[in-house]
Amino acid sequence: MRDPHIHFAYLDERTKRMIRRAILKAVAIPGYQVPFGSREMPLPYGWGTGGIQVTASIIGSDDVLKVIDQGSDDTVNAVNIRRFFQRTTGVEVTTDTTAASIIQTRHRIPETPLREGQILVYQVPVPEPMQHLEPLEVETRKLHALQEYGLMHVNLYEDLAHFGQIATTYDYPVLVNGRYIMAPSPIPKFDNPKMHMNPALQLFGAGREKRIYAVPPYTSVESLGFEDHPFSIQRWEQPCGICGARDSFLDEVITDDQGGRLFVCSDSDYCAKTQAAAEQPGTAL
Amino acid sequence: MSMTTPLLDMEGVHKRFVLHLQNQTVLDVLRDFSLRVLPGECVRLSGPSGMGKSTVLKLAFGNYQASAGRIGLRAADGTAVDITQASPREIVQLRASAVGYVSQFLRVIPRVSALDVVAEPLLERGPDGHPLMELDAARAEAGRWLERLRIPASLWQLPPATFSGGEQQRINIARSFIRTRPLLLLDEPTASLDPLNTSTVIELILAARDQGVGIIGIFHDPEVAAAVASRSVAMQAPSP
Amino acid sequence: MSQAPLLRVRDLRCAYGAREVVRGISFDLWPGEVLAVVGESGSGKSTLLNAVAARHAPVGGTVEFAMREGPDGAGELADIYAMTEAQRRLLARTDWGFVHQNAADGLRMNVSAGANVSERLMALGQRHYGRLRAQAADWLQRVEIDPSRIDDRPDTFSGGMRQRLQIARNLITAPRLVFMDEPTSSLDVSVQARLLDMLRMLTRQMELAAIIVTHDLAVARLLAQRMVVMQGGYAVESGLTDQVLDDPQHPYTQLLVSSVLPP
């Protein structure tokens, strides 16, 4: 139920306009980090304020919103953010990926393929992919501007040298539109291929770091690698213990204190749909 | 290449040292000195010490700067280059192709073995840009020269810094003769050598002469001088 | 041998505010030539080096470098301060090298030796891990570092090893011009000898042109064919190294040469 004492989507209209300008610029330069005037939000930094500000600036009364956290609609984070938007906008909410027009996500991309017209909003902790190698922002800006990305490969080389494989398994750096290297947020590398040529618009918001970036629909997104050690995604031997899916990202769940474990789809909506389809063959997902 | 073009043509050369640190003391070592050396000649510079014999050699090599006059060296293409006017780069080129200097003392470089010291001239690039020899061939050739000058094989891998004066001098000679230049400047080449090695050096000098190398030498030993010199130039104090 | 110089410096002037530290220096450098810039503290030699290496903008004069172009290898002389920063940075990564006095300034201390050495190749677009590693190992061997240390970090290396690693990191792209700022000054004497010998060999083998700043005349004599003596920002004497050292003309040069204690 919408709270009438709060302005629609919490942010004032001028702020929304500023953020929309930043979003337009981000969409015009895929993968480029656009600074924006991040506002104080009713959640602290580290809880998705960037994603919330992006969603708040684009959401309209006829939108349908889905919020997930690590693939699940039911975690505390997802529940709180969803309730925040219900209270400040009164829009329809859903757990169904296909029904949503805006999906705000923390650290996963839904398994169900997205379609044109949908918007995926990512929550980003650290927008700068070279942050830990080059802490000076003055320098990383120059590296991006001059397309000097040797340093990123130094990082991958180090992984190979020390671990025999590229050890980065989430927030795996990507090259967007053949130009900018981007941090896709801590999604598992399993999800990276989904970003490539996606029909939906992908927006990224970092509240604490005050950056917005974007991948427009049908944009090339390539994960970095070496010729002899190319990018590869995780694979599991087992299917999901609940729905039997073999093609989704699985979480490992400890079921008892004797070491029993279960592998379960991280995307709760996908799992439920797959389960339903298995019980009633012929049902469209 | 004309056989009458001198390898060295020093004309009216003055050499004056101004010692700024010693109250601007002026030392005139050479005044109006001229010398011409043709291929196959061995010119002995004689006279008491302090008369400027070494100075003449160093001027010819470009190690000292002439205060006046000209010093013409014949370059590889037969033209005469006045080294008093030449750029450092040109002098470096001339030292590679036209003139060699055998000083009295070997300037030792740490860590470089005696074998490699002698082999080094063969690894320098020739006019075509390539080294004369590959490393292994150069070292083999260097070994032959060290043998000829009776340096024991046990010393070949050691840097010469700890060698005796005579051993160092023989290495210096090997290094200078292994790849001769048309003009050779010798400063007391047998000073620390025993009679056996002295006669070897005499052989080397005569062989070089026969090949048409022009030599200017300072020989303290009159017997050596008599054996190798085709003429003598007596150096005297410059008249005031 | 090409007729055009590799580097042309004309009337270079540098200043820190009102204080002039380099006053009108000019010289040419040809391929394969090593030039030593000697002088005492405050002579301006390091500032000169940095100005020529595009690390410190001069207040006057020009620095021109022959770009790697043309069928004969010798390209046009280009004013390095008229280039874009992108072009300068590319030059610094490929055709130039810069060896710092303190190796830690020229290395990434928090990544492995192999990554340090192959970084330039990765920056130029090489993407084959196996080949990058092989080239890095090869260069470690050339600078006499045990290739088994390829995965070790430089903070586990001795000073001499770090300096040699810095050299490998710079030379792997076969630059035509290398700048060195007191490359051996912070090393022990025996370690210096090894490094100098290596530099001597590498400059000869790779036909490197180099500008070496040093206060040590013995280093100048060993490595450089040419020398410039600086005092108070001026070049008081220059020429063939052995000539300047054995037959110094300028009073300051004579002072410098006579001040060195023979061991």
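Note that the structure is a prediction, hence the values are computed from the model and not measured.

Cut-offs applied
Residues numbered from 1 in each chain as written. Chains lettered and ligands numbered in written order. Predicted model: local features only at pLDDT ≥ 70, side-chain atom pairs only at ≥ 80, totals over all residues. Helix = DSSP H or I, 4+ residues; strand = E, 2+ residues; numbered from the N terminus. Buried ≥ 20, exposed ≤ 12 C-beta atoms within 10 Å, placed from the backbone. Contact = placed C-beta atoms within 7 Å. Rg over C-alpha atoms; globule rule 2.2 N^0.38 Å. Nonpolar A, V, L, I, M, F, W, Y, C, P; charged D, E, K, R; others polar. Pairing = 2+ DSSP bridges. Axes fitted to C-alpha atoms, helices over the stretch in contact; angles between N-to-C directions. Parallel < 35°, antiparallel > 145°, perpendicular 65-115°, else oblique. Left-handed = near helix turned anticlockwise from the far one by under 90°. Core = buried A, V, L, I, M, F, W, Y, C linked by C-beta atoms within 7 Å. pLDDT = per-residue confidence, 0-100.

**Some words on the overall build of chain B**
A tally of helices and strands in chain B yields seven helices and nine strands. In terms of overall dimensions, chain B has C-alpha extents of about 55 × 40 × 40 Å along its principal axes. Taken over 240 residues, chain B has a buried fraction of 39%. Look at the contacts in chain B between residues 6 or more apart in sequence, and 71% of them connect residues 24 or more apart.

**Side note on the overall build of chain A**
Check the secondary structure of chain A and you find seven helices and 12 strands. Over its C-alpha atoms chain A spans a radius of gyration of 19 Å, differing by no more than 12% from the 19 Å that the globule rule assigns to 285 residues. With respect to the three principal axes, the spread of C-alpha positions in chain A is 55 × 50 × 35 Å. Within chain A, the proportion of its 285 residues that are buried is 44%. Within chain A, counting contacts between residues at least 6 apart in sequence, those at least 24 apart form 62% of the total.

**A short note on the interface of chain B and chain C**
Reports of interface size often rely on the accessible area that becomes lost once the parts have come together. At the interface, 14 residues of chain B touch 19 residues of chain C. For the side of chain B that touches chain C, the class distribution of residues is eight nonpolar, four polar and two charged.

**A few points about the sheet that holds strand 1 (residues 8-19) of chain B**
Across a sheet, paired strands are connected by hydrogen bonds in the backbone, their directions being either parallel or antiparallel. Residue and element names in this part refer to chain B. In spatial order, the strands read 2-1-4-5; together these four strands make up an open sheet with antiparallel pairing. Where the open sheet ends on each side, the last strands, each with one partner, are strand 2 (25-37) and strand 5 (80-82). Adjacent strand axes in the sheet meet at a mean angle of 30 degrees, parallel and antiparallel pairs treated alike. Two elements, strand 1 and strand 2, share nine bridges in a ladder whose sense is antiparallel. Within strand 2, the residue paired with leucine 19 across the bridge is threonine 25. Running over the sheet, helix 1 (residues 53-61) touches strand 1, strand 2 and strand 4 (68-74) and is turned about 110 degrees from strand 1.

**Quick look at the sheet that holds strand 10 (residues 234-240) of chain C**
All names here are of chain C. A sheet is described by the order of its strands in space; here six strands give the open sequence 6-7-8-3-9-10, paired in mixed fashion. Each edge of the sheet is formed by a strand with only one pairing partner; in this case those strands are strand 6 (96-99) and strand 10. Each strand of the sheet is rotated relative to its neighbour by a mean of 15 degrees, with strand direction disregarded. With respect to the sheet, helix 5 (residues 159-171) is in contact with strand 6 and strand 7 (177-181), its orientation differing from that of strand 6 by roughly 170 degrees.

**Things to note about the environment of threonine 241 of chain C**
Residue and element names in this part refer to chain C. Turning to its location among the elements, threonine 241 is positioned in helix 8 (residues 241-246). For the pair threonine 241 and leucine 261, spaced 20 residues apart in sequence, the C-alpha separation works out to 19 Å. With sequence-adjacent residues up to four places away left out, threonine 241 is seen in contact with Ala36, Ala220, Arg221, Ala224, Gln225, Arg226 and Met227.

**Some remarks on unusual backbone geometry**
In this structure, histidine 107 of chain A is a non-glycine residue whose phi angle is positive, near 65 degrees. Classification of histidine 107 of chain A by C-beta neighbours within 10 Å gives buried; the count is 21. Unusually for a residue other than glycine, alanine 174 of chain C sits at a positive phi of about 50 degrees. With respect to the secondary-structure elements, alanine 174 of chain C resides in the loop between helix 5 and strand 7. On the basis of neighbour counts, which here come to 11 C-beta atoms within 10 Å, the residue alanine 174 of chain C falls in the exposed class.

**Digging into the packing of helix 5 of chain C against helix 6 (residues 189-205) of chain C**
Residues and elements named next belong to chain C. The N-to-C vectors of helix 5 and helix 6 enclose an angle of 15 degrees; their axes lie 10 Å apart at closest approach. In terms of orientation, helix 5 lies roughly parallel with respect to helix 6. The hand of the helix 5/helix 6 crossing is right-handed. Contact residues: Gly159, Gly160, Gln163, Arg164 and Leu171 in helix 5; Val191, Arg194, Leu195, Met198 and Leu202 in helix 6. Counted by class, the contact of helix 5 with helix 6 contains five nonpolar, three polar and two charged residues.

**Focus on the nonpolar core**
In this structure, Ala60, Val118 and Leu185 of chain B together with Val37 and Leu140 of chain C are the most contacted members of the largest nonpolar core, which totals 201 residues. Excluding residues that lie within four positions of it along the chain, alanine 60 of chain B makes contacts with Leu8, Met10, Ile71, Val99, Leu185 and Ile216 of chain B. Ala245, Phe249, Leu250 and Tyr270 of chain A belong to the second-largest nonpolar core, a separate cluster that totals nine residues.

**Focus on the environment of proline 154 of chain C**
Residues and elements named next belong to chain C. Tracing the backbone shows proline 154 in the loop between helix 4 (129-142) and helix 5. A tally of 22 C-beta atoms within 10 Å means that proline 154 is categorised as buried. Between the C-alpha atom of proline 154 and that of glutamine 141, which follows or precedes it by 13 residues, the distance is 16 Å. When residues no more than four places from it in sequence are discounted, the contact partners of proline 154 are Leu107, Met109, Ala113, Asn116, Arg162 and Leu165.

**Observations regarding the interface of chain A and chain C**
Between chain A and chain C, the contact holds 14 residues from the first and 16 residues from the second. Of the residues contributing to the side of chain A that touches chain C, the split by class is six nonpolar, four polar and four charged.

**Let's talk about the arrangement of the chains**
The chain pair with the greatest number of contacts, out of two pairs of chains in contact, is formed by chains A and C. The two units chain A and chain B remain apart, with a minimum C-alpha distance of 34 Å.

**What about the pairing of strand 9 (residues 226-231) of chain C?**
Residues and elements named next belong to chain C. Counted residue by residue, strand 9 has six buried out of six residues, so it is predominantly covered. Neither face of strand 9 is open: one carries Arg226, Val228 and Met230, the other Met227, Val229 and Gln231, and all of them are buried. With antiparallel pairing between neighbouring strands as the criterion, strand 9 and strand 10 make up a hairpin whose turn holds two residues, including glycine 232 at a positive phi of roughly 55 degrees.

**Let's talk about the confidence of the model for chain B**
In the predicted model, chain B carries a mean pLDDT of 89, and 95% of its residues have values of at least 70. Note on the complex model: pTM 0.85, ipTM 0.88.

**Some remarks on the environment of methionine 198 of chain C**
Here methionine 198 of chain C is to be found in helix 6. As for methionine 198 of chain C and threonine 84 of chain C, which are separated by 114 residues in sequence, their C-alpha atoms are 34 Å apart.

**Quick notes on the packing of helix 3 (residues 113-123) of chain C against helix 5 of chain C**
Residues and elements named next belong to chain C. Closest axis-to-axis distance for the helix 3/helix 5 pair is 7 Å, and the angle between their directions is 30 degrees. As summarised for this structure, helix 3 and helix 5 are arranged roughly parallel, according to the angle between their axes. Contact with helix 3, carried on its side by Ala113, Asn116 and Val117, involves Leu165, Ala168 and Arg169 of helix 5 and no other residues of that element. The residue makeup of the contact of helix 3 with helix 5, split by class, is four nonpolar, one polar and one charged.

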